[in-house]
Amino acid sequence: MQPFSYAKVTSEQVAIATVEQDKTAAFIAGGTDLLGLMKDGVQTANILIDINSLPLADIESQPQRIRIGAISRMSDVAFHPKIQECYPVISQALLQSASPQLRNIATVGGNLLQRVRCAYFRDPVFPCNKRIPGIGCSAITGYNRMHAIFAASEHCIAVHPSDLA
Ligand SMILES: Cc1cc2nc3c(=O)[nH]c(=O)nc-3n(C[C@H](O)[C@H](O)[C@H](O)COP(=O)(O)OP(=O)(O)OC[C@H]3O[C@@H](n4cnc5c(N)ncnc54)[C@H](O)[C@@H]3O)c2cc1C
Ligand code: SF4
């Protein structure tokens, strides 16, 4: 794993300004996807901006809709009474995901922004257009059982990995 700096932010403006100024910075929420990618050398970040102290964990119920904060934990969303009553598919999708330990720390924002679960993307030994554009896609002629059947691009056939999505 490459060395990196770490900063905990308490202001959304500071968080956004930091990643705008430093293209090597990345937000970290639960870290359940990002840290694995960094350990495997798939993704690098010189500075991790910890967003867990931002006021973004609320789940607000309004008539005809619900607003889920980006750092709401998967388990908090899945067991929220209003979600279970009015949007059971969200609860079911989250409870089908990962494990209880992961769901207690992983966020819905991170869930929607997690990277693809393509084995070639996650192993830097193999060519992958998503990691290095133009280098080729190993999955098209390789192991592609979990990949797109319809409407795939000729450059990448990975599908969105989030059960919630
Ligand atoms: C063993 C294991 C099993 C898993 N199983 C499943 C599964 O069955 N189904 C499933 O859907 N997923 C699964 N995952 C994937 C993943 O852990 C979860 O989707 C989780 O929700 C990611 O959330 P996080 O908060 O940990 O994200 P992080 O790892 O912190 O972040 C992921 C990405 O999102 C960015 N990010 C995070 N929050 C924000 C934000 N608020 N604004 C902007 N960018 C942000 C980060 O910079 C990073 O690029 C699994 C992971 C592991 C390790
Ligand atoms: S499908 Fe191809 S381009 Fe897409 S992530 Fe996998 S190897 Fe990379």
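Residues numbered from 1 in each chain as written. Chains lettered and ligands numbered in written order. Predicted model: local features only at pLDDT ≥ 70, side-chain atom pairs only at ≥ 80, totals over all residues. Heavy atoms only, no water.

Undergrad: Explain the domain arrangement of the protein chain here, please?
TA: Accessible area lost upon the coming together of the parts serves often as the stated size of an interface. If you check the domain split of the protein chain, you get domain 1 (5-53), domain 2 (59-112) and domain 3 (116-165). A straight line from the C-alpha centre of domain 2 to that of domain 3 covers 27 Å. Broken down residue by residue, the surface that domain 2 buries against domain 3 is led by Ala93, Asn111 and Leu112, which jointly contribute 64%. Taken together, the connections running from domain 2 to domain 3 amount to zero salt bridges. Counting across the interface, domain 2 meets domain 3 through three residue pairs in polar contact (both at pLDDT 80 or more). Taken together, the elements giving at least two residues each to the side of domain 2 that touches domain 3 come down to helix H5 (88-95) and helix H7 (108-113). Residues of the side of domain 2 that touches domain 3, tallied by class, amount to five nonpolar, three polar and no charged. (Domains from an automatic or database assignment. Buried area = accessible area lost by both parts, 1.4 Å probe. Salt bridge = Lys/Arg side-chain N within 4 Å of Asp/Glu carboxyl O. Polar contact = N/O pair within 3.5 Å; in protein donor to acceptor, adjacent residues only side chain to side chain. Helix = DSSP H or I, 4+ residues; strand = E, 2+ residues; numbered from the N terminus. Nonpolar A, V, L, I, M, F, W, Y, C, P; charged D, E, K, R; others polar.)

Undergrad: How should I be thinking about the sheet that holds strand E1 (residues 5-8) in this particular structure?
TA: Adjacent strands of a sheet form backbone hydrogen bonds with each other and so pair up, either parallel or antiparallel. Judged by pairing direction, the sheet is parallel, and its three strands sit side by side in the order E1-E3-E2 without closing on themselves. Every other strand in the sheet has two partners, leaving E1 and strand E2 (25-28) as the edge strands with one partner each. Adjacent strand axes in the sheet meet at a mean angle of 25 degrees when their direction is disregarded. Taken together, the four bridges between E2 and strand E3 (residues 47-50) define a ladder with parallel strand orientation. Following the sheet pairing, Ala26 is matched in E3 by Leu48. Where helix H1 (residues 12-21) meets the sheet, it contacts E2 and E3, and its direction lies at approximately 145 degrees from that of E2. (Pairing = 2+ DSSP bridges. Axes fitted to C-alpha atoms, helices over the stretch in contact; angles between N-to-C directions. Contact = heavy atoms within 4.5 Å.)

Undergrad: What should I look at first to understand unusual backbone geometry in this one?
TA: Trans peptide bonds make up most of the peptide bonds, and negative phi angles are found at most residues other than glycine. The phi dihedral of Ala98 falls on the positive side, at around 50 degrees, and the residue is not glycine. Assignment of secondary structure puts Ala98 in the loop between H5 and helix H6 (100-105). We classify Ala98 as exposed; its relative accessible area is 59%. Here Ala151, not a glycine, exhibits a phi torsion of approximately 60 degrees, which is positive. With a relative accessible area of 83%, Ala151 lands in the exposed category. (Buried < 20%, exposed > 50% of the residue type's maximum accessible area, 1.4 Å probe, protein only.)

Undergrad: How should the packing of aromatic side chains be read in this particular structure?
TA: In this description, a pair of aromatic rings is defined by centroid distance and the angle of the planes. In the structure shown here, the tally under the stated rule is one aromatic pair. Relative to Phe126, the ring of Tyr120 has its centre 5.1 Å away and its plane inclined at 75 degrees; by these criteria the two rings are edge-to-face. When its relative accessible area of 13% is taken as the criterion, Tyr120 is described as buried. You can call Phe126 partly exposed: its relative accessible area is 35%. (Phe/Tyr/Trp six-rings, centres within 6.5 Å; stacked < 30°, edge-to-face > 60°.)

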